[in-house]
Amino acid sequence: MAGAYIRGMGLSCALGEDAASSVSALQRRQMRPVALRLEEFTEPVQMPYYRIPDRAELFDAGRLARLLPPAARAAVTQAGLTPGEIRRLPLFIGSSCFSIGVSEARYAAALAQQPQTAIPMPLCGYQDMAVVLQQTLGCRGDTYTYNTACTASANALLGALHMIELGWYRHALVVGAELANRTTLAGFSGLQIVADALRPFDAARKGLVLGEGIGAVVLSAETDSTNRLRVLGGASNCDTWSVTTADTGGKSVAAVLSQALEQTHLQPRQVRAIKAHGTATPAGDTAEALGMRQVFAGVPPLSVLKPCLGHTLGACGINELILFAGALQRGFLPATPGFATPDPALGVQPITAPEPAPDGHYLLNHFGFGGNNTVLVLEKTAP
Amino acid sequence: MIRAISACDYLQPVPDGAALPPLEAALKDLCRERFRRIDRFIQLALLGSARCVAGRTLRPDCGIYLGSGLGPIGNNIVTQQQLIRDAEIPKPVNFVNTLGSSAGFYVARNLGLQGQNFFISRRGASLQAVLSAAIADLTCGVVGQALLGVVEEVALPLAEHRLRQHLPGDLTLAEGSHWLLLQPGTGDSRSLELKHFTKFAALEDFLKSVWRTGDRLCCARSMEARVAGALRRDFDAGARPDPAAAFHDSLEAAWLAAFAASPEPGTLFLADGSPERGWSLFYLGA
C-alpha cells in the first residue's frame, strides 16, 4: 500500500482564513458561531451558524469566486509545484452546495426584474467550482466532482489517492467547498435536526450546527524530507437502512471501519486515535459509537472538530483532514468542546482536553445522507 | 482485464409539446419494493440499473459509479421554486433528493448492494469521469465489480431546459440511463481498457497499431475540434454519437452502452484529452 503524501494544505473556515491560524484557533478551542435569522420565508429560519469571517454579505453571490481560489492557491504554493505541474494538475472536488448560492441569486434577481421569463436553476450542473479553479490557478488537468453528501470530499480524496497509486497522476488537488446558501439552510431547518449548540456524543445532544469552509490539499506520490503525513488509504460503503440516517445498530459503520483497516493492513490496536464524524444528532452519534465499539475492544481517543467549525457538509472530509493533520503536525490531538455528559447508551466519549499525538495511524470518519460512509487512514511519521 | 458483462441503454428523445413517458409501470416490474419518495432522476437510475443487472447476483463488494452532468435537475427546479419564488422552506423529500447520492442510495437498496456508492460529475464528460474512477478502483482491487451508470434527465418545459444549457432552440433533447456492469476476468463478454498518453502522436500511433476495419471511434466533445477532426479523418469519419439526433449532456454514454449491449463485431474507441490534460483512450473490445 503506497498511499499518497499531503504536500500542501489551504483552508478558510470559521476558525480562520488560512490553515495555520485555523489550527491555532482549534488549539485554543475557539467556537464562534453567529446567530442567523432568515426572515424571507413564510416560517423564519433561525439557527447558529459557523461562517467564514470575510465580512461580506452571507449570500453574496461573488463569495464563491472570491473564497475558493485562495485556499487552493495556498495548498499549491505550499506543495511547491512547478508551473508545468500546476498546468497538468487534476482537480478532485467534493461539495454539497456547488454553485447553488449563485443560482439562487440569479433566479431571485430574474424574478424581481421579469417574473414571466425567470427560469429556475439558471446555473445547473456541478462544474462551476472546477471552472473557477481552472481559470484562477491555471490548472488544466482532468476534473472529478463528487456529490455524495457529507462524504463528498473524503470520497474525492480516495478517488485521487487510487489514481495516484496507479501512476495516472503524480499530484492531485483535492478541494472541499461549502458556502452558505438558502437551499441548505432552509432545507436543514425543514429536517428539524439543527440544534442550538453542537454537543457530540453528549447525553444532551440534540442535533448539528451548520458551517461553511473551503479546504484544499495537494496529494502527491512523492514526499520530501519535511513531509510527515501520508494518506494510507480508506474505505467507503453504502448503508441502505435509511436515506438520511445510518443504521443505529452501527453495523454499516463497523463494516466500513473494518474495511479501512483491512485495506491498509492495520489491526485495531494500531490506531492511535479517531477523528470522529460526530454530528451530534441522536441517531448519527449512536450509529457511529456502536459501530466503533464493534471494531475496537477499547475505542481509541476520539476528537470531534465540528464544535469548532460547524458541520461543513460535503467539505467536511477535507476541512477536518486539514485541521486534524495540522494538529498532528503540532503534536496534539484536538479536544472536543461542547461535550459534558457521557451518554451511557453510547459507551464512548470524546477527549475534552488536548492530548499528545504520537507517530502512528489515525482514522477519520465521515458519514452522510444517501447512506454514504467513508473512513480515511492517515499516517504520521517522524521527519 | 476488465470486462463489461452486461449493459443497458435507455435513450428517449422528448419531442416538443410531449409529456415525459411514465416509468412507473416498468419500475413496478424492476423494483423489489415500491419507492414512494423518488423523482424522475431516481426513476431513471432505477430503470437502467435494474435492466443492466437483469436479475444477476452481484458481488457483495460491487461498487456503484453514477455519473451525470446535470443531476436531479427536475427536483432541483421544484426545490428552488419553493425556496425563492414561493418563499417556503423546501419539503424534506425535495431537499434530500437534491443530492446526487440519493439516486445511488435507491439503486443500492433495490439491488441489495452495500459497497461504495459514488456520484461523480464532469460537465459534458461525466462518462469519462465515472469510467476512470471505476477502472481505477477495479484495477486497485478496491471493488470486485462495478455497476456504472450515466443518467441525464430532461426538465420541462423544453425551451427553458435548452436555455439553461445554452443549447440551440431546435435541438431535440433526450433523457437517458446508460449502464455497464464491469468486473475483472476473462470470458466472452467485451473487454474494457483505458490507456493514457502524454503526447497526441502516441495516441495516434497506438490507434494505428490496433485499428481494424469495422472499428468505431468517438472523439469527446471536450476535444479541440482540429484534433478531433484529424482523428476522424484518419480513422472513422462518422459523427458518433450524432448530437443532432437527440441530445443530452452525456450522449457518449448512450453510444457506449448501446454498443456494449449489441452483438456487433469490432472495437469502439472513445478518445479524450488535450495537450495539458494528456490524452486518454477508452476502448470496448469484441
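What you see is a predicted model; the values in this text were computed from it and never measured.

What follows is about the overall build of chain B. On a plain count of helices and strands, chain B comes out with 10 helices and nine strands. In terms of overall dimensions, chain B is globule-like: its C-alpha atoms have a radius of gyration of 19 Å, near the 19 Å expected for 286 residues. Considered along the principal axes of its C-alpha atoms, chain B spans approximately 60 × 45 × 35 Å. Counting only residues that meet the buried cut, chain B has 63% of its 286 residues in that class. Of all intrachain contacts in chain B linking residues separated by at least 6 positions in sequence, the fraction that spans at least 24 positions is 76%. Total accessible area on chain B stands at roughly 10900 Å², and carbon and sulfur atoms take up 51% of it. Each charge class in chain B can be summarised by its mean position, and for the 29 positive and 29 negative side chains these summaries are 3 Å apart.

As a measure of interface size, the accessible area lost when the parts come together is often cited. The partner chain A presents 60 residues to the 58 residues of chain B that form the contact. Buried area between chain B and chain A, summed over both chains or domains, comes out near 5000 Å², and the portion from carbon and sulfur atoms is 67%. Ranking the residues of chain B by area buried against chain A places Q80, I89 and F95 of chain B at the top, with a combined share of 14%. For the pair chain B and chain A, the interface holds one salt bridge. For R277 of chain B, the salt bridge goes to D142 of chain A, with nearest N and O atoms at 3.4 Å. Breaking the side of chain B that touches chain A down by element, the ones donating at least two residues are α3 (73–85), α4 (92–96), α5 (101–111), β3 (117–121), α6 (126–140), α7 (158–164) and β6 (190–197) of chain B. Of the residues forming the side of chain B that touches chain A, the biggest block, nine residues, is contributed by α3 of chain B.

Our focus in this paragraph is the packing of aromatic side chains. Evaluated as defined, the whole model comprises 18 aromatic pairs over all chains. Judged by centre distance (5.2 Å) and plane angle (90°), the ring pair of F105 of chain B and Y106 of chain B falls under edge-to-face. Given the relative accessible area of 2%, F105 of chain B is considered buried. The class for Y106 of chain B is buried, based on a relative accessible area of 9%. An aromatic cluster of at least three residues, connected via ring pairs, comprises F197, F206, W211, F235, F269 and Y283 of chain B. It is R122 of chain B that lies over the ring of Y144 of chain A; its NZ or CZ is 4.7 Å from the centre. Looking at R190 of chain B, its charged tip hangs above the ring of F259 of chain B, at a distance of 3.9 Å from the centre.

All names here are of chain B. The element strand β8 (residues 268–274) is extensively covered by neighbouring structure, given that seven of its seven residues are classed as buried. The two faces of β8 match: L268, L270, D272 and S274 on one face and F269, A271 and G273 on the other face are all buried. As paired elements, strand β7 (residues 216–219) and β8 share four bridges and run parallel to each other. By the bridge assignment for β8, C219 is matched with A271. Remark: three residues form the turn of the hairpin made by β8 and strand β9 (residues 278–284), two consecutive strands paired antiparallel.

A few words on the domain arrangement of chain B. Residues and elements named next belong to chain B. Split into domains, chain B comes out as domain 1 (2–184) and domain 2 (190–284). Relative to domain 2, the C-alpha centre of domain 1 lies at a distance of 23 Å. Between domain 1 and domain 2, the contact holds 33 residues from the first and 28 residues from the second. With both chains or domains summed, domain 1 and domain 2 bury close to 2400 Å², and 67% of this area falls on carbon and sulfur atoms. Looking only at domain 1, the three residues that lose the most surface to domain 2 are G124, L127 and Q128, adding up to 21% of its buried area. The tally of links from domain 1 across to domain 2 stands at one salt bridge. As a salt-bridge pair, R123 and D249 come within 3.2 Å of each other at their nearest N and O atoms. Where domain 1 touches domain 2, the interface holds 10 residue pairs in polar contact (both at pLDDT 80 or more). Listing elements by their share of the side of domain 1 that touches domain 2, those giving two or more residues are β1 (2–14), α6, β4 (145–152) and β5 (173–184).

Pairing is possible between side chains that carry opposite charge, provided their charged atoms lie close to one another. All names here are of chain B. Considering all chains together, one arrives at 28 salt bridges over all chains under this definition. Between E252 and R221 there is a salt bridge whose closest N-O contact spans 3.1 Å. Linking E252 in helix α10 (residues 251–261) with R221 in the loop between β7 and α9 (225–234), this pair joins segments that are 31 residues apart in sequence. Taking the relative accessible area as the measure of exposure, E252 reaches 4% and is therefore buried.

Time to look at the environment of A160 of chain A. All names here are of chain A. By secondary structure assignment, the location of A160 is in helix α6 (residues 152–165). As for A160 and V174, which are separated by 14 residues in sequence, their C-alpha atoms are 7.4 Å apart. Dropping the residues within four chain positions of it, A160 is found in contact with F92, A172, V174 and L219.

Let us now look at the state of the cysteines. One pass over the structure, following the stated rule, counts zero disulfides over all chains. As a non-bridged cysteine, C238 of chain A has C62 of chain B as the owner of its nearest cysteine sulfur, 11 Å distant. Given the relative accessible area of 1%, C238 of chain A is considered buried.

The next subject is the packing of helix α4 (residues 100–113) of chain A against α3 of chain B. Two elements in contact, α4 of chain A and α3 of chain B, have axes separated by 10 Å at closest approach and are oriented at 55°. In terms of their interaxial angle, α4 of chain A and α3 of chain B are classed as oblique. Once α4 of chain A is placed against α3 of chain B, the crossing between them reads as right-handed. Only Q80, Q81, L83, I84 and R85 of chain B of α3 of chain B make contact with α4 of chain A, whose side of the interface consists of I100, S103, E104, Y107, A108 and L111 of chain A. Looking at side-chain class alone, the contact of α4 of chain A with α3 of chain B contains six nonpolar, three polar and two charged residues.

With that settled, the discussion passes to α6 of chain B. All names here are of chain B. Between the first and last C-alpha of α6 there are 21 Å, a value that for 15 residues agrees with the 21 Å anticipated at 1.5 Å per step. Most of α6 sits out of view: 13 of its 15 residues are buried. Remark: G141 follows α6 within two positions and exhibits a positive phi of approximately 80°.

What follows deals with the nonpolar core. With 83 residues, the main nonpolar core has I6, F92, Y146, L219 and L378 of chain A together with L182 of chain B as its most contacted residues. Looking at which domains feed residues into this core, each of domain 1 (2–184) and domain 2 (190–284) of chain B supplies at least three. The residues contacting L219 of chain A, other than those within four sequence positions of it, are A4, Y5, I6, L157, A160, L161, I164, R170, H171, A172 and V231 of chain A. I38, C62, L113 and W179 of chain B belong to the second-largest nonpolar core, a separate cluster that totals 63 residues.

Turning our attention to unusual backbone geometry. A cis geometry characterises the amide bond from L156 of chain B onward to P157 of chain B, with omega recorded as 0°. Checked against the element boundaries, P157 of chain B lands in the loop between β4 and α7. A positive phi angle, near 55°, is found at H265 of chain A, a position not held by glycine. On the basis of relative accessibility, which here comes to 62%, the residue H265 of chain A falls in the exposed class.

Calculation criteria
Residues numbered from 1 in each chain as written. Chains lettered and ligands numbered in written order. Predicted model: local features only at pLDDT ≥ 70, side-chain atom pairs only at ≥ 80, totals over all residues. Heavy atoms only, no water. Helix = DSSP H or I, 4+ residues; strand = E, 2+ residues; numbered from the N terminus. Rg over C-alpha atoms; globule rule 2.2 N^0.38 Å. Buried < 20%, exposed > 50% of the residue type's maximum accessible area, 1.4 Å probe, protein only. Contact = heavy atoms within 4.5 Å. Areas by Shrake-Rupley, 256 points an atom, 1.4 Å probe, with all protein chains shown as cover. Lys, Arg positive; Asp, Glu negative; His and termini not counted. Charge placed at Lys NZ, Arg CZ, Asp CG, Glu CD. Buried area = accessible area lost by both parts, 1.4 Å probe. Salt bridge = Lys/Arg side-chain N within 4 Å of Asp/Glu carboxyl O. Phe/Tyr/Trp six-rings, centres within 6.5 Å; stacked < 30°, edge-to-face > 60°. Lys NZ or Arg CZ within 6 Å of the ring centre and 35° of its normal. Pairing = 2+ DSSP bridges. Domains from an automatic or database assignment. Polar contact = N/O pair within 3.5 Å; in protein donor to acceptor, adjacent residues only side chain to side chain. Disulfide = S-S within 2.5 Å. Axes fitted to C-alpha atoms, helices over the stretch in contact; angles between N-to-C directions. Parallel < 35°, antiparallel > 145°, perpendicular 65-115°, else oblique. Left-handed = near helix turned anticlockwise from the far one by under 90°. Nonpolar A, V, L, I, M, F, W, Y, C, P; charged D, E, K, R; others polar. Expected span 1.5 Å × (residues − 1). Core = buried A, V, L, I, M, F, W, Y, C linked by side-chain atoms within 4.5 Å.

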